[in-house]
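Listed below are the residues making up each chain.
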Amino acid sequence: MTLDFSISGDIDPVALYAAILSTVIAIVGLYQWWARNRISVKCNGNMVMIPSVDDHRYISVTVTNTGVSATTITGLYFHYWESPWKRIFRSKAAQTYFAHKVKTPHVLPPGEQWQAQVPQDGGVDSSSDDFEGMASKGLLYAVVAHSMGGKNGVLCRVKIPSNS
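Description of the structure in this document. (Residues numbered from 1 in each chain as written. Predicted model: local features only at pLDDT ≥ 70, side-chain atom pairs only at ≥ 80, totals over all residues. Heavy atoms only, no water.)

### Here we look at the overall build of the chain
Counting its regular elements, the chain contains 3 helices and 8 strands. When the helices and strands of the chain are listed from N to C terminus, the series reads α-β-β-β-α-β-β-β-α-β-β. The C-alpha radius of gyration computed for the chain amounts to 24 Å, which surpasses the reference 15 Å derived for 164 residues by more than 25%, pointing to a less compact arrangement than a globule. When each of the 164 residues of the chain is scored for burial, the buried share is 31%. (Helix = DSSP H or I, 4+ residues; strand = E, 2+ residues; numbered from the N terminus. Rg over C-alpha atoms; globule rule 2.2 N^0.38 Å. Buried < 20%, exposed > 50% of the residue type's maximum accessible area, 1.4 Å probe, protein only.)

Structure (structure tokens):
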């Protein structure tokens, strides 16, 4: 079986124009998707300040702007769900805490980092558990809200290792 390709001398100019235009539009769309505003968020628990005058441990949240335009970090808050099933099948968190001592808003240029530390053992009011208890019992997420993001922000799971 042989395949034979040939182009006749009659090329439709409208079809050629449409093919070139659709290719250009696809390339521009791909570039806009690639150059979108993006941030990456990393969370670490059991962090200690050095030098430290107290024995507090902190949750460290590091935000890196990996996009090509500046964004403004508008808030840092925490969501807590009792179980993974409630996280998957429920849209609202069981509890939400706003980190009010974190300096926001903050303009984050491309390629720059922003970091916040929140006490993990007393960052919550006395009527409920602390963040250590929440991270061990259920799912604790740090949420970074920024000006170019969606309505839910960027979530990062907070895992606090045991103090052994």
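### Quick look at the pattern of salt bridges
Tallying each qualifying case throughout the model produces 1 salt bridge. Glu 82 is paired through a salt bridge with Lys 86; the nearest N and O atoms lie 3.6 Å apart. Residue classification places Glu 82 among the partly exposed residues on the basis of a relative accessible area of 35%. (Salt bridge = Lys/Arg side-chain N within 4 Å of Asp/Glu carboxyl O.)

### Overview of the sheet that holds strand β2 (residues 58-65)
Taken in spatial order, the 3 strands make up an open sheet running β1-β2-β6, and their pairing is antiparallel. The open sheet is flanked by β1 (39-47) and β6 (113-119), the only strands paired with a single partner. Looking at each pair of strands side by side, their axes are set apart by 15 degrees on average, direction ignored. (Pairing = 2+ DSSP bridges. Axes fitted to C-alpha atoms, helices over the stretch in contact; angles between N-to-C directions.)

### Quick look at the environment of Ala 70
The residue Ala 70 is located in the loop between β2 and β3 (71-81) in this model. Residue classification places Ala 70 among the partly exposed positions, given a relative accessible area of 40%. Separated by 61 residues in sequence, Ala 70 and Phe 131 have C-alpha atoms that sit 31 Å apart. In this structure Ala 70 touches Asn 37, Asn 65, Val 107, Leu 108, Pro 109, Pro 110 and Met 148, once residues within four positions along its chain are discounted. (Contact = heavy atoms within 4.5 Å.)

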